[in-house]
Amino acid sequence: MLDFFTIFSKGGLVLWCFQGVNGSFTGPVNALIRSVILQERSGSNLFIHDALSMKYKLDNEFELVFVVGFQKILTLTYVDKFLDDVQLRFRDRYKNQLEQKGAMKLLNGSFQFQDDFQQLLREAEESTKACAPAPMKTFMQSQKSQKTVKSMIETRGGEKGKEKESNKKSKNAKKEASAAEGDGDSTRGGTQSGLPKKSSPKPQENGNEGLTPEEIKRNQQEFFRRMGGGAKKPSSSSSSKSPKPEKLQRVKGNREWVMGGTNTKELDYSNKDMNGSQDTLPATKDNAEDLKQLGQMKGDLRSVDYESSEEEEEDEEVVVSAAAAANPSKSSSKSFRGVFGMLKGLVGSKSLSQEDMEPVLDKLRDHLIAKNVAADIASKLCESVAKKLEGKVMGTFTTVTSTVKQALQDSLVQILQPKRRVDILRDVMEARAQRRPFVVTFCGVNGVGKSTNLAKISFWLIENGFSVLIAACDTFRAGAVEQLRTHQRRLNSMHPPEENGGRPRVQLYEKGYGKDAAGIAMEAIAYARSHSFDVVLVDTAGRMQDNAPLMVALAKLIAVNMPDLVLFVGEALVGNEAVDQLVKFNQALADHSMSDKPRIIDGIVLTKFDTIDDKVGAAISMTYITGQPIVFVGTGQTYSDLRSLNARAVVSALMKA
Amino acid sequence: MEAAVFQPFLDSIQKELQAQDPAVLAVLVALVVVIISIIFMKIVWGRKTTRSAVLLVGLCDSGKTLIFSRLLSGKFKKTQTSITDSSTIYSVKREKGCGFTLIDLPGHESLRPQFVERFKSAARAVVFVVDSAVFQKELRDVAEFLYSLLTDAEIVKNAPALVVTCNKQDITMAKSAKVIQQQLEKELNTLRVTRSAALSTQDGSTAGGTVYLGKKGKDFEFSQLPMKVEFVECSAKGYKAEDGEADIEQLEKCLARIS
């Protein structure tokens with residue numbers, strides 16, 4: 001029934017494989033490796049790929065991976081135990097060859113495992129056939145019949161109690177009747193004999209639960225009384241509790257504001273000539289700070305800097321003897337045996353077990369949560385690290401803490417490394433060579449900094465010599481279009497159009513408020529293509545992930561316009577919300593696009609990074625959920641506060657005590 | 001004058017030695033042993049840092065693990081995506097003498113940087129494996145990886161020999177080594193512009209290395225690099241059936257020349 005079974009080393013060499021069906025399985029197993037093991041999702045050991053479901057097991061002592069694959073529609077119960085058995089048998093048999101360091105033995109050895117495998121498979125299949133499904137317990141055998149009815153009543157009010165009691169009794173009656181009769185035919189419209197409330201069983205199978213019509217009427221009356229009285233009850237109770245103060249009879253007069261006038265003309269502060277078609281600001285004093293930033297953003301983005309305390313982390317393993325010296329101080333309070341046992345644990349090879357890692361992992365999980373990583377992501381990460389380290393043999397002079405910490409650090413760096421190339425400038429050049437604009441769409445919830453970071457990114461792009469068209473597709477928020485226009489004017493004043501042969505570097509494409517965003521985006525892209533702009537930056541309105549109509553509108557904008565890059569803007573302050581936001585955004589984009597290859601989020605912009613000192617967990621949550629890289633990091637509100645992500649610095653800040 | 005300062009010390013030491021005091025003798029012997037062992041360890045560790053490894057790097061699915069298996073045992077083995085590195089001693093065929101350690105690094109994007117980081121200081125030569133059949137699609141990724149290797153400060157300092165192996169030549173659509181070389185040169189030229197524009201204006205740490213590839217003002221060519229660069233073609237799978245011989249003659253010759 002199994003499609004395939006492979007045993008391969010972590011270095012990539014397949015040691016033995018069994019193929020039940022024709023067709024190569026390298027593809028599915030590679031997909032398993034890439035999506036599960038490399039993305040640290042090895043908490044659950046089941047992975048579904050197309051029509052195939054795969055279960056796997058990591059052997060960390062000899063660096064092997066065991067994978068079994070079978071059809072998704074089958075439910076085979078013996079697979080887990082079978083995997084364990086195969087692993088044990090394989091290890092026992094080939095222990096000598098596997099223990100060698102270096103790949104020569106793996107290459108030269110031939111692993112004739114076929115017979116053992118068939119035998120184990122036969123045993124596993126027979127064991128499932130052997131145990132028949134257990135027969136159902138009768139009601140008298142169950143625990144419920146042992147309980148008295150009184151113990152099941154919650155006394156919240158006398159009436160309710162009695163009603164529940166009658167219900168329970170009649171339910172008991174029904175169950176017993178059905179148990180006694182087996183699968184007897186239900187007697188519809190059973191006898192309406194007056195069933196006394198506390199008596200025993202008479203098979204009543206009608207829908208009234210064995211109550212007579214009189215009783216039903218009585219219950220209904222009580223119910224209505226209670227409902228009618230219920231409204232009065234709170235007020236009556238409150239009136240009984242405390243004497244209500246008399247309402248002060250007082251007429252509210254109009255409040256007199258000092259500065260306010262009845263004349264609204266005084267309140268109009270708009271400068272009448274701002275609405276004109278001026279595209280650039282004159283170079284006044286206000287632009288002085290802007291001009292200071294001119295020329296700072298050329299080339300690739302700088303990465304986020306941190307005082308790197310990473311040297312301390314790497315020296316940790318070497319200096320663990322010092323840590324070992326520090327540890328006895330803790331255990332000196334314990335008995336002498338404790339000290340001896342701990343020292344013995346340091347020297348010599350010991351393989352890690354789940355119990356050893358449990359306390360360390362709990363502490364690390366709490367540490368991660370304290371650093372603003374989403375709670376379930378922290379637990380999934382810790383489970384995955386546990387799976388990766390289980391059974392691994394530690395060297396001498398390494399403690400469990402240091403091994404687990406190092407493994408967690410490695411997996412965090414691995415998560416933050418981008419899985420694809422992130423080079424926006426190169427892609428823009430490529431699009432320019434193909435004579436089409438490079439379209440970037442920004443989406444996100446309200447107030448995360450989409451428009452601000454859009455302005456920063458356009459500053460970076462024009463510093464590197466590209467021309468930018470900003471499409472104002474936020475047609476909802478008041479002032480959105482004006483905000484973008486202000487940015488456009490400032491940017492153009494810094495890079496005057498005379499540099500560019502008379503054409504302004506940044507232009508704004510807007511159609512006012514209240515229009516359809518997808519239509520504006522489409523027109524903007526067509527405009528950019530006809531006027532040969534290099535980049536189109538599309539700003540959308542902020543929307544909550546639960547707001548279904550807005551999510552549909554966003555999905556439509558993205559599906560219709562097919563942008564080159566869909567960036568999700570998230571702030572670094574967000575905590576567990578990040579998981580919810582990203583999952584729902586991705587789901588909406590995937591569900592509401594008509595094509596079979598929907599565009600989902602391609603990259604993440606992490607904003608407000610300067611507001612967190614080292615609680616940088618949001619970066620981990622976001623990359624873990626989507627698997628997409630963090631393309632930009634926003635560290636402030638001026639134009640040059642745009643950085644790229646430095647994975648090592650972020651992880652060292654995260655693991656700092 | 002200094003001799004005068006040392007003279008009383010020397011006199012006292014001589015007196016102690018002549019006195020044959022066991023404690024002083026023991027201390028002196030211990031000192032001598034410590035000094036000798038320090039010198040010895042310095043020599044040993046110094047020798048260890050001489051580079052003796054050949055790294056097999058490349059993008060995911062380019063065939064590094066299969067080349068590794070072919071070079072070492074000549075057999076064809078099924079392979080999966082590597083999660084960790086594999087290393088073993090490799091001795092050049094038909095030649096006795098210095099073998100080196102052949103290290104196969106994983107190519108997956110999330111693992112690549114940390115493994116290259118770990119092993120780059122020990123590299124005597126770097127075999128960069130390229131999948132010639134899908135090269136056109138992956139051109140930019142290949143060029144970016146090559147760029148990051150070539151601008152890494154430590155690699156530039158050590159200047160290990162670079163052998164660009166165009167693998168999978170058994171597929172009919174595979175590009176030849178010449179074509180790959182030309183396209184890589186063009187692509188690295190463009191990358192130079194996008195990445196190194198930062199060097200002149202910024203003084204913070206830049207994303208890539210701080211090295212400028214090739215010569216300024218001229219188009220980039222591999223001959224401008226400080227290290228020896230060679231392009232070879234090979235087919236790890238072999239032109240016949242699976243169990244046939246692999247065509248890695250050129251690669252083996254290159255490796256022999258290096259050692």
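Along each chain, numbering runs from 1 in the same order as the chain's sequence is written. Think of it this way: whatever chain is written first is A, whatever ligand is written first is 1, and the rest follow in order. A pLDDT threshold of at least 70 governs which residues receive local features in this predicted model, and a stricter bar of 80 or more applies before side-chain atom pairs are shown or counted, although totals over entire chains, interfaces and linings include all residues. With hydrogens and water set aside, each side-chain value is computed from the structure's full complement of heavy atoms.

The next subject is the overall build of chain B. Counting secondary structure elements, chain B contains eight helices and six strands. Among the 259 residues that make up chain B, the fraction classed as buried is 45%. Counting contacts in chain B only where the partners sit at least 6 residues apart, residues at least 24 apart contribute 72% of the total. Residue burial considers only the protein chains on display, and all accessible areas are found by Shrake-Rupley using a 1.4 Å probe. A total of about 13700 Å² of accessible surface is found on chain B, and carbon and sulfur atoms cover 58% of it. In this description a helix means any DSSP run of H or I spanning at least four residues, a strand means any run of E spanning at least two, and both kinds are numbered starting from the N terminus. A simple rule labels every residue: compare its accessible area, found with a 1.4 Å probe on the protein chains alone, to the largest value its type can have, and call it buried under 20%, exposed over 50%, or partly exposed in between. What makes two residues a contact is simply this: any of their non-hydrogen atoms within 4.5 Å.

We now examine the pattern of salt bridges. A pairing counts as a salt bridge when a side-chain nitrogen of Lys or Arg comes within 4 Å of a carboxyl oxygen of Asp or Glu. One pass over the full model with this rule turns up 23 salt bridges over all chains. A salt bridge links A:Asp427 to B:Arg140; its shortest N-O distance comes to 3.0 Å. Placement of the pair is A:Asp427 in helix α16 (residues 424-433) and B:Arg140 in helix α5 (residues 135-150), with the two residues belonging to separate chains. We classify A:Asp427 as buried; its relative accessible area is 19%. One connected set of salt bridges, linked through shared partners, spans A:Arg426, A:Glu430 and B:Glu187.

Before going further, it helps to examine a nonpolar patch on the surface. Residue and element names in this part refer to chain A. To count toward a patch, a residue needs a relative accessible area over 30% and no salt bridge; like charges are then connected within 9 Å, while nonpolar side chains (Val, Leu, Ile, Met, Phe, Trp, Tyr) are connected within 5 Å. Together, Met 1, Ile 73 and Leu 74 make up an exposed nonpolar region whose accessible area comes to about 340 Å². If you trace the backbone, Leu 74 turns up in the loop between β5 (64-71) and α2 (79-93). Relative accessible area serves as the criterion here: at 31%, Leu 74 is assigned to the partly exposed category.

The next thing to look at is the interface of chain B and chain A. Taken together, the 41 residues of chain B in the interface contact 47 residues of chain A. A buried area of about 4000 Å², summed over both sides, lies between chain B and chain A, and 54% of it is on carbon and sulfur atoms. Taken together, the connections running from chain B to chain A amount to three salt bridges. What qualifies as a polar contact is a pair of N or O atoms within 3.5 Å, subject to a donor-acceptor requirement within protein and to the restriction that residues adjacent in sequence count only when both atoms come from side chains. In this structure, the connection of chain B to chain A is made through nine residue pairs in polar contact (both at pLDDT 80 or more). Among the elements that make up the side of chain B that touches chain A, the one with the highest residue count is helix α7 (residues 177-201) of chain B (eight residues). A quick way to say it: buried area is the sum, across both parts, of accessible area lost when two parts are put together, with a 1.4 Å probe.

In this section: the packing of helix α13 (residues 354-370) of chain A against helix α14 (residues 375-389) of chain A. All names here are of chain A. Angles here are taken between N-to-C directions and fall from 0 to 180 degrees, while the axes themselves are lines fitted to C-alpha atoms, restricted in helices to the stretch in contact. Where α13 contacts α14, the two axes come as close as 10 Å, and the packing angle between them is 150°. The angle between the axes of α13 and α14 places the two elements in the roughly antiparallel class. As for the relative orientation of α13 and α14, their crossing is right-handed in sense. For the pair formed by α13 and α14, the contact residues are Gln 354, Met 357, Leu 361, Arg 365, Leu 368 and Ile 369 on the first element and Ala 375, Ala 378, Ser 379, Leu 381, Cys 382, Ala 386 and Leu 389 on the second. Taken together, the residues of the contact of α13 with α14 break down into ten nonpolar, two polar and one charged. Angles below 35 degrees are treated as roughly parallel, those above 145 as roughly antiparallel, those between 65 and 115 as roughly perpendicular, and all remaining angles as oblique. Each crossing is labelled by how the near helix is turned from the far one, with a counterclockwise turn of less than a right angle marking it left-handed and a clockwise turn marking it right-handed. Following the grouping adopted for this structure description, the nonpolar residues are Ala, Val, Leu, Ile, Met, Phe, Trp, Tyr, Cys and Pro, the charged ones are Asp, Glu, Lys and Arg, and the polar ones are all others, Gly among them.

What follows deals with the nonpolar core. Put simply, buried Ala, Val, Leu, Ile, Met, Phe, Trp, Tyr and Cys residues joined by side-chain atoms within 4.5 Å make one nonpolar core. Core analysis: the biggest nonpolar cluster contains 114 residues, and A:Val404, A:Leu412, A:Trp460, A:Phe609 and A:Phe632 have the highest contact counts within it. Ranked by residues supplied to this core, first place goes to helix α15 (residues 400-416) of chain A with eight residues. Among the nonpolar cores identified, the runner-up in size contains 56 residues, and A:Phe8, A:Val65, B:Leu105 and B:Leu184 belong to it.

Bringing the packing of aromatic side chains into the picture now. Pairing of aromatic side chains requires ring centres within 6.5 Å, counting the rings of Phe and Tyr and the six-membered ring of Trp. Pairs whose planes differ by under 30 degrees are stacked, by over 60 edge-to-face, and all others tilted. Tallied over the full model, the rule gives eleven aromatic pairs over all chains. Consider the rings of A:Trp460 and A:Phe632, whose centres lie 5.5 Å apart with planes at 80°: the pair is edge-to-face. Within this pair, whereas A:Trp460 is found in helix α17 (residues 450-463), its partner A:Phe632 is found in strand β14 (residues 630-634), the two being separated by 172 residues in sequence. Comparing A:Trp460 with A:Phe632 shows no difference in burial state: the two are buried. Between A:Tyr509 and A:Tyr527, the ring centres sit 5.4 Å apart and the planes meet at 45°, which makes this aromatic pair tilted. Residue A:Tyr509 is located in strand β10 (residues 506-509), and its partner A:Tyr527 is located in helix α19 (residues 517-530); the two are separated by 18 residues in the primary sequence. A relative accessible area of 27% means that A:Tyr527 is categorised as partly exposed. Linked through ring pairs, A:Phe5, A:Trp16, A:Tyr78 and A:Phe82 together constitute an aromatic cluster. A cation sits over an aromatic face here: B:Arg112 above B:Phe145, 4.4 Å from the ring centre. Cation placement over rings: the criterion is NZ of Lys or CZ of Arg within 6 Å of the ring centroid and within 35° of the ring normal.

Residues and elements named next belong to chain A. Axis separation between α13 and α15 bottoms out at 10 Å; the angle between their running directions is 45°. As the angle between them shows, α13 and α15 are arranged oblique. Seen from above, α13 lies across α15 with right-handed handedness. Mapping the contact onto sequence places Asp 356, Met 357, Val 360, Leu 361, Leu 364 and Leu 368 in α13 and Val 400, Thr 401, Val 404, Lys 405, Leu 408 and Leu 412 in α15. Of the residues in the contact of α13 with α15, the class split is nine nonpolar, one polar and two charged.

One rule of thumb: low pLDDT means the predicted coordinates there are not for detailed reading. All names here are of chain B. The pLDDT value expresses, per residue, how confident the predictor is, ranging between 0 and 100. Chain-level pLDDT for chain B is 75 on average; 74% of the residues reach the 70-or-more range. Here helix α1 (residues 2-19) stands out as the least confident element of chain B, with mean pLDDT 67; α5 is the most confident, with 86. Counting contacts from residues 198-209, a segment whose pLDDT is below 50, to residues more than four positions away or on other chains yields 19 contacts. The ipTM value of the predicted complex is 0.71, and its pTM value is 0.69.

For helix α23 (residues 647-655) of chain A, the buried fraction is high: eight of the nine residues fall into the buried class. Residues of α23(A) that are buried include every one of A:Ala647, A:Ala649, A:Val650, A:Val651, A:Ser652, A:Ala653, A:Leu654 and A:Met655, and no others.

Residues and elements named next belong to chain A. Here β10 shows a buried face lined by Val 506 and Leu 508 and a second buried face lined by Gln 507 and Tyr 509. Across four bridges, the pairing between strand β9 (residues 468-473) and β10 is parallel. Directly across from Leu 469, in β10, lies its bridge partner Gln 507. Only strands joined by at least two bridges in the DSSP assignment are considered to pair.

The next subject is the sheet that holds strand β5 (residues 161-167) of chain B. Residues and elements named next belong to chain B. Spatial ordering of the open sheet is given by β2-β3-β1-β4-β5-β6, a layout of six strands whose pairing is mixed. Only two strands of the sheet have a single partner each, and these edge strands are β2 (86-90) and β6 (229-233). Along the sheet, successive strands turn relative to each other by an average axial angle of 20°, direction set aside. For strand β1 (residues 53-58) and strand β3 (residues 100-104), the ladder comprises four bridges, and the chain directions are parallel. When the bridges of β3 are listed, Val 54 appears paired with Leu 102. Here α5 sits on the sheet in contact with β1, β4 (123-131) and β5, set at roughly 165° to β4.

Its identity is not glycine, yet A:Lys608 carries a phi of approximately 60°, on the positive side. Mapped onto the elements of the fold, A:Lys608 is located in the loop between β13 (603-607) and α22 (617-626). Residue classification places A:Lys608 among the partly exposed positions, given a relative accessible area of 28%. Notably, B:Asp61 is not glycine yet its phi reads approximately 70°, a positive angle. Counting through the fold element by element, B:Asp61 comes out in the loop between β1 and α3 (64-73).

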